[in-house]
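One letter stands for each residue in the lines below.
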Amino acid sequence: MSKGANIDLSGLIAATGPLTVALSWIDPSGEGEADVSVLLVDADGKVGSDADFVFYNQPATADESVRLLGKAPTATGSEDRILVDLTALRPGVERPVVAASRYRGATFGVRIRARGAGHRLQDQRR
């Protein structure tokens, strides 16, 4: 994915339970990390409160429906893994939004895994 790109994953998988979202990145310098966060938004695309924002300093929602699982090395760089249990999201949450940022020219890729089945949905690198 290039800078500023978005991918709507809602039509790509029929899973309704726990999903693992893996956000990978490649930095041309071979250095650095990505800042990954998850926002739980309502039908209007708004976050209800600070409790609906998951990031390095708040790595899970109170009910643990969303949890940052940490970073892992890959053959080409690194990835951040996020657990999202779609059935456990609090009432009023329409969808989780996964966001990532970098300071330099890294490229991103996304893959989703439903429990019990692997689904490679997106892996774009530019």
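**Quick notes on the overall build of the protein chain**
Then, in step 1: When helices and strands are counted, the protein chain shows 0 helices and 8 strands.
Then, in step 2: Helices (α) and strands (β) of the protein chain occur, in sequence order from the N terminus, as β-β-β-β-β-β-β-β.
Then, in step 3: Counting across all 126 residues of the protein chain, residues that qualify as buried make up 33%.
Then, in step 4: Here the contacts in the protein chain between residues at least 6 apart in sequence split such that 63% fall between residues at least 24 apart.
Then, in step 5: When the accessible area of the protein chain is evaluated, it comes to approximately 7600 Å², of which 50% is carbon and sulfur surface.

**Thoughts on the pattern of salt bridges**
When the charged atoms of two side chains with opposite charge come close together, those side chains can pair.
Then, in step 1: Inspection of the entire model under this criterion finds 3 salt bridges.
Then, in step 2: Lysine 71 is paired through a salt bridge with aspartate 80; the nearest N and O atoms lie 2.8 Å apart.
Then, in step 3: Taking relative accessible area as the criterion, lysine 71 reaches 42% and is therefore assigned partly exposed.

**Description of the nonpolar core**
Then, in step 1: Of all hydrophobic cores here, the largest spans 13 residues; its most connected members are Val36, Val38, Leu40, Val66, Ile82, Val84 and Leu89.
Then, in step 2: Every element with two or more residues in this core is listed here: strand S1 (18-26), strand S2 (35-41) and strand S5 (78-85).
Then, in step 3: Setting aside residues no more than four positions away along its own chain, valine 84 makes contact with Gly17, Pro18, Leu19, Val21, Ser65, Val66 and Pro96.

**Some words on the sheet that holds strand S3 (residues 53-54)**
Then, in step 1: Taken in spatial order, the 3 strands make up an open sheet running S3-S2-S6, and their pairing is antiparallel. Every interior strand has two partners, whereas the edge strands, S3 and strand S6 (95-101), have only one.
Then, in step 2: Where S2 lies against S3, 2 bridges are found, and the strand directions are antiparallel. Along S3, the bridge assignment pairs valine 38 with valine 54.

**Regarding the environment of alanine 88**
Then, in step 1: Topologically, alanine 88 is positioned in the loop between S5 and S6.
Then, in step 2: Given the relative accessible area of 32%, alanine 88 is considered partly exposed.
Then, in step 3: Sequence separation between alanine 88 and serine 65 is 23 residues; the distance between their C-alpha atoms is 5.3 Å.
Then, in step 4: Alanine 88 has contacts with Asp63 and Ser65, leaving out every residue within four places of it along the chain.

**Some points on the confidence of the model for the protein chain**
Then, in step 1: Chain-level pLDDT for the protein chain is 76 on average; 63% of the residues reach the 70-or-more range.
Then, in step 2: Across residues 116-126 the pLDDT falls below 50, and counting only partners more than four positions away or on other chains, this stretch makes 26 contacts in the model.

**Some points on the pairing of strand S4 (residues 66-73)**
Two faces belong to every sheet, and in a regular strand the side chains alternate between them.
Then, in step 1: As defined by bridge partners, S4 adjoins S5 across 7 bridges and the pair is classed as antiparallel. The partner of arginine 67 across the bridge, within S5, is leucine 83.
Then, in step 2: Turn length for the S4-S5 hairpin, with the two strands adjacent in sequence and antiparallel, is 4 residues.

Basis of the calculations
Residues numbered from 1 in each chain as written. Predicted model: local features only at pLDDT ≥ 70, side-chain atom pairs only at ≥ 80, totals over all residues. Heavy atoms only, no water. Helix = DSSP H or I, 4+ residues; strand = E, 2+ residues; numbered from the N terminus. Buried < 20%, exposed > 50% of the residue type's maximum accessible area, 1.4 Å probe, protein only. Contact = heavy atoms within 4.5 Å. Areas by Shrake-Rupley, 256 points an atom, 1.4 Å probe, with all protein chains shown as cover. Salt bridge = Lys/Arg side-chain N within 4 Å of Asp/Glu carboxyl O. Core = buried A, V, L, I, M, F, W, Y, C linked by side-chain atoms within 4.5 Å. Pairing = 2+ DSSP bridges. pLDDT = per-residue confidence, 0-100.

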